Amino acid sequence: MNYLIFLFSTSISNHFFFPSSHSTDFEVHRNWLAITHSLPINKWYVDETSQWTLDYPPFFAYFERMLAYVAYYVDKEMLNLHKLNYNTIATIYFQRCSVILMDFLYAIGVYRCLRVSNVPLKSQQYLATASLLLFNVGLLFIDHIHFQYNGFLFGILLLSISYMLEERYVLSAFIFAILLNFKHIFLYIAPAYAIYLLKFYCLAKGRNKFICITKLLVFGLIPFVISFAPFHNQMEQVLKRLFPFKRGLTHAYWAPNFWALYNVGDKVAAKLLGITTKTGPTTSSGLVKEFAPLVLPNITPRTTFVLTLLSMLPIMIKLLAYTPLRDAKATFLRAIVICSCSAFMFGWHVHEKAILMSLIPLCLLFHLYPTDAKHAFLLSVVGYFSLFPLLFETSLLVLRYALYLFYMFLMYGQMVRLYTPLRDYKTNLIENCYIYGFVLLPIYEHILSVNLNLHLSLPFLPLLLTSVYCALGVTYFFISYYLYTLGIKPVALFKSFTKIETTSKTKTKSKTRTQQINGDKVKLK
């Protein structure tokens, strides 16, 4: 029944949003339709007729080419490369309908993940997880209002995860390789896949390591060969498009991550030191380009790459060396969440939409453990709110708040129904105060800013406040969930350090002390 409601609601919602204003991504994908239809394949990654050049991997370009065959019979003018910003009603309807069609794959992915998780079909656990995935407000915001094809891509990811949970390792790796050739941002979670396959497939007892590794290499490389073969003479150009490092550390709207806090820290330091802003645009001017900090060290792509890998290292070590078979699948899902969140926190030129890579896999853990459900709720409050700047049109304000609040109440209600007898799902005082603090952001943006004319003198301030406040929440989630996944209780850890510090001040250094941390005795001499 959930799936029928999903398909019906998706169709209705898209019909509702058809006449609404649309984002630049409409023109991006229309231009890609025109590129793949009008130009020979060796020109796809070279053409610069529009500023919206093709920068997705070849499989997505082939997908656009297939859509172009149908688009020709809807309105062939949308395939004209030189008709920039072409947005007739027929074009809008066609692109909206293509999103609806591709959402079927997402529904299939949800169904398979729940089926292999052995969740009873009519249980509260099934209802809760299916509802949160199928009616995901982030996908509604980004795909069906803003316009992209994330549901289709996450459908492929969920299919890959379902086969991994089903222990069909080679098929899972093959589908994941296909996904990477549709959108390379999923490289964020490749380390989790690599370590899990290494330990629980290649190094598993009774398996031939050489044969297993060979199978993974062959089936993992096949999609890349098919995808990139036509561009073997243009690999340098294609890679420049896929990894455009000249776009700068942060996007026009700062994704709520570590670098948003870093940018603010730089501005505060510059203000305190009396350093004036250099002539020209700055990091808060809303432009997509490289900017140098005024006070703090300049950050390079290499720096972000190293920080991202280092932040993933603890979960990779746990998955490889400290995860027994009975906990393997849950730890794998948590590793996906943490790897994607690590890349979101420290990656180069991260888009705010990338938070979905943590939010959607986290929903698969919602029905299993109350602490996972609590963290899913906390990140959802922050992550989906951080998408509001994508829906900035006045006509969408009431709609975006209504959909957001509905989804948050839905998630909280399901969490209460699943875990009422337990305490682990409940938020503490600090978390509650932070959540209630989100009320202040719309009050400033829609009331104070307008009435005090601050929207004229400080137009970027609402975006900055949203980014920074959400960045604090994402950072809190990242640290808290990481510690939980590693089996470290922050309160116990703090108490243990306090005890060690206190006892170290005494003169009885010769005695052996033991300290209890998470049930394990650690001897300190």
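Residues numbered from 1 in each chain as written. Predicted model: local features only at pLDDT ≥ 70, side-chain atom pairs only at ≥ 80, totals over all residues. Heavy atoms only, no water.

Student: How should I be thinking about the overall build of the protein chain in this particular structure?
Tutor: Counting secondary structure elements, the protein chain contains 22 helices and two strands. The 525 residues of the protein chain split such that 54% are buried. Pairs at least 24 residues apart make up 77% of the contacts formed inside the protein chain by residues separated by at least 6 positions. In the form shown here, the protein chain has an accessible surface area of approximately 25300 Å², with 67% of it arising from carbon and sulfur atoms. (Helix = DSSP H or I, 4+ residues; strand = E, 2+ residues; numbered from the N terminus. Buried < 20%, exposed > 50% of the residue type's maximum accessible area, 1.4 Å probe, protein only. Contact = heavy atoms within 4.5 Å. Areas by Shrake-Rupley, 256 points an atom, 1.4 Å probe, with all protein chains shown as cover.)

Student: Would you take a moment to explain the packing of aromatic side chains for this structure?
Tutor: Remark: the centre distance and the inter-plane angle together describe each pair of aromatic rings, the angle taken between the planes. A complete count under the given rule lists 45 aromatic pairs for this structure. Aromatic side chains F377 and Y412 sit 5.6 Å apart centroid to centroid with 50 degrees between the ring planes, which places their arrangement in the tilted category. With F377 in helix α16 (residues 370-385) and Y412 in helix α17 (residues 397-419), the pair connects residues that are 35 residues apart, well separated along the chain. The class for F377 is buried, based on a relative accessible area of 9%. Judged by relative accessible area, which is 40%, Y412 ranks as partly exposed. Ring centres 5.3 Å apart and planes at 75 degrees place the aromatic pair F388 and Y404 in the edge-to-face group. Here the residue F388 occupies a position in the loop between α16 and α17, and Y404 occupies one in helix α17, the gap between them amounting to 16 residues. Over the aromatic face of Y163 sits the side chain of R112, whose NZ or CZ is 4.1 Å from the ring centroid. Positioned above the aromatic ring of Y369, the side-chain terminus of R334 is 4.8 Å from the ring centre. (Phe/Tyr/Trp six-rings, centres within 6.5 Å; stacked < 30°, edge-to-face > 60°. Lys NZ or Arg CZ within 6 Å of the ring centre and 35° of its normal.)

Student: Just checking my understanding: could you explain helix α3 (residues 58-75) for this structure?
Tutor: Each turn of an α-helix holds 3.6 residues, which means side chains three or four residues apart point in the same direction. Relative to the 26 Å expected for 18 residues at 1.5 Å per residue, α3 spans 24 Å between its end C-alpha atoms, a close match to the ideal helical length. The axis of α3 is deflected most strongly, by about 35 degrees, at Y69. Inspection of α3 places P58, F59, F60, A61, Y62, F63, E64, L67, A68, A71 and D75 among the buried residues, and these make up the whole buried set. Tucked into the core, α3 has its buried residues touching α2 (24-38), α4 (89-116), α7 (150-165), α8 (169-180) and α10 (209-228). (Expected span 1.5 Å × (residues − 1). Bend = angle between axes of the 7 residues up to and from the residue.)

Student: Would you take a moment to explain unusual backbone geometry for this structure?
Tutor: Among all residues save glycine, negative phi is the norm, and among peptide bonds the norm is trans. One non-glycine residue, F147, lies in the positive phi region at around 100 degrees. Inspection of the secondary structure puts F147 in the loop between α6 (137-146) and α7. With a phi angle near 60 degrees, N453 is a residue other than glycine that sits in the positive phi range. Tracing the sequence through the fold places N453 in the loop between α19 (440-451) and α20 (454-457).

Student: Just checking my understanding: could you explain a nonpolar patch on the surface for this structure?
Tutor: Where nonpolar side chains cluster on the molecular surface, the patch consists of F305, V306, L307, L309, L310, L313, I317 and Y322 and spans about 780 Å² of accessible area. Here L307 lies in helix α13 (residues 301-321). (Patch = residues over 30% accessible without salt bridge, like charges linked within 9 Å, V, L, I, M, F, W, Y side chains within 5 Å. Salt bridge = Lys/Arg side-chain N within 4 Å of Asp/Glu carboxyl O.)

Student: Teacher, can you tell me more about the side chain of R334 here?
Tutor: Structurally, R334 can be placed in helix α14 (residues 328-346). Look past the residues within four positions of R334 in its chain and what remains in contact with it is L365, Y369, D372, Y481, Y484 and T485.

Student: Before we go on, may I ask you to explain the pattern of salt bridges in this structure?
Tutor: Between side chains of opposite charge, a pair can form as their charged atoms come close. Per the counting criterion, the structure on display carries 12 salt bridges. R168 is the salt-bridge partner of E166, the closest N and O atoms lying 3.6 Å from each other. For E166, a relative accessible area of 29% translates into the label partly exposed. Residue classification places R168 among the partly exposed residues on the basis of a relative accessible area of 41%. Within the structure, one salt-bridge network assembled from shared partners comprises R112, R115, E166 and R168.

Student: Mind showing me how you'd approach the confidence of the model for the protein chain here?
Tutor: As a general rule, the predicted coordinates of low-pLDDT regions are not to be interpreted in detail. Residue-level pLDDT values for the protein chain average 87, and 86% of them are 70 or greater. Scored below 50 in pLDDT, residues 284-288 makes 12 contacts in the model with residues more than four places away or belonging to other chains. (pLDDT = per-residue confidence, 0-100.)

Student: Teacher, can you tell me more about the environment of H349 here?
Tutor: Residue position: H349 is located in the loop between α14 and α15 (356-363). With 100 residues separating them in the primary sequence, H349 and L249 have C-alpha atoms 4.7 Å apart. Among the polar contacts made by the side chain of H349, one reaches the main-chain carbonyl oxygen of G248 at a distance of 3.1 Å. (Polar contact = N/O pair within 3.5 Å; in protein donor to acceptor, adjacent residues only side chain to side chain.)

Student: Looking at this structure, I do not really get α8. What am I missing?
Tutor: For α8, which comprises 12 residues, the first-to-last C-alpha distance of 17 Å matches the rise-based estimate of 16 Å (1.5 Å per residue) to within 8%. The element α8 is extensively covered by neighbouring structure, given that nine of its 12 residues are classed as buried. When α8 is considered as a whole, its buried residues turn out to be Y169, V170, S172, A173, I175, F176, A177, L179 and L180. Buried-residue contacts for α8 involve α7, α9 (190-202) and α10.

Student: In this structure, what is going on with the packing of α17 against α19? I would like to understand it.
Tutor: For any two helices packed against each other, one specifies the crossing angle of their axes together with the interaxial distance. One way to put it is that α17 packs onto α19 with a least axis distance of 14 Å and a crossing angle of 170 degrees. Classified by the interaxial angle, the pair formed by α17 and α19 is roughly antiparallel. Residues L397, R400 and Y401 of α17 form the contact with α19, whose own contacting residues are P442, E445 and H446. Taken together, the residues of the contact of α17 with α19 sort by class into three nonpolar, one polar and two charged. (Axes fitted to C-alpha atoms, helices over the stretch in contact; angles between N-to-C directions. Parallel < 35°, antiparallel > 145°, perpendicular 65-115°, else oblique. Nonpolar A, V, L, I, M, F, W, Y, C, P; charged D, E, K, R; others polar.)

Student: Can you help me understand the environment of Q124 in this one?
Tutor: With respect to the secondary-structure elements, Q124 resides in helix α5 (residues 124-134). Sequence separation of Q124 and Q414 is 290 residues, and the distance between their C-alpha atoms is 8.1 Å. Once residues within four sequence positions are removed from consideration, Q124 is found in contact with Q414, R417 and L418.

Student: Mind showing me how you'd approach the packing of α2 against α4 here?
Tutor: Interaxial distance between α2 and α4 falls to 11 Å at its minimum, and their mutual angle equals 90 degrees. Classified by the interaxial angle, the pair formed by α2 and α4 is roughly perpendicular. Across the interface between the two elements, F26, H29, R30 and L33 from α2 touch T91, I92, F94, Q95 and R96 from α4. A breakdown of the residues in the contact of α2 with α4 according to their chemical character gives four nonpolar, three polar and two charged.

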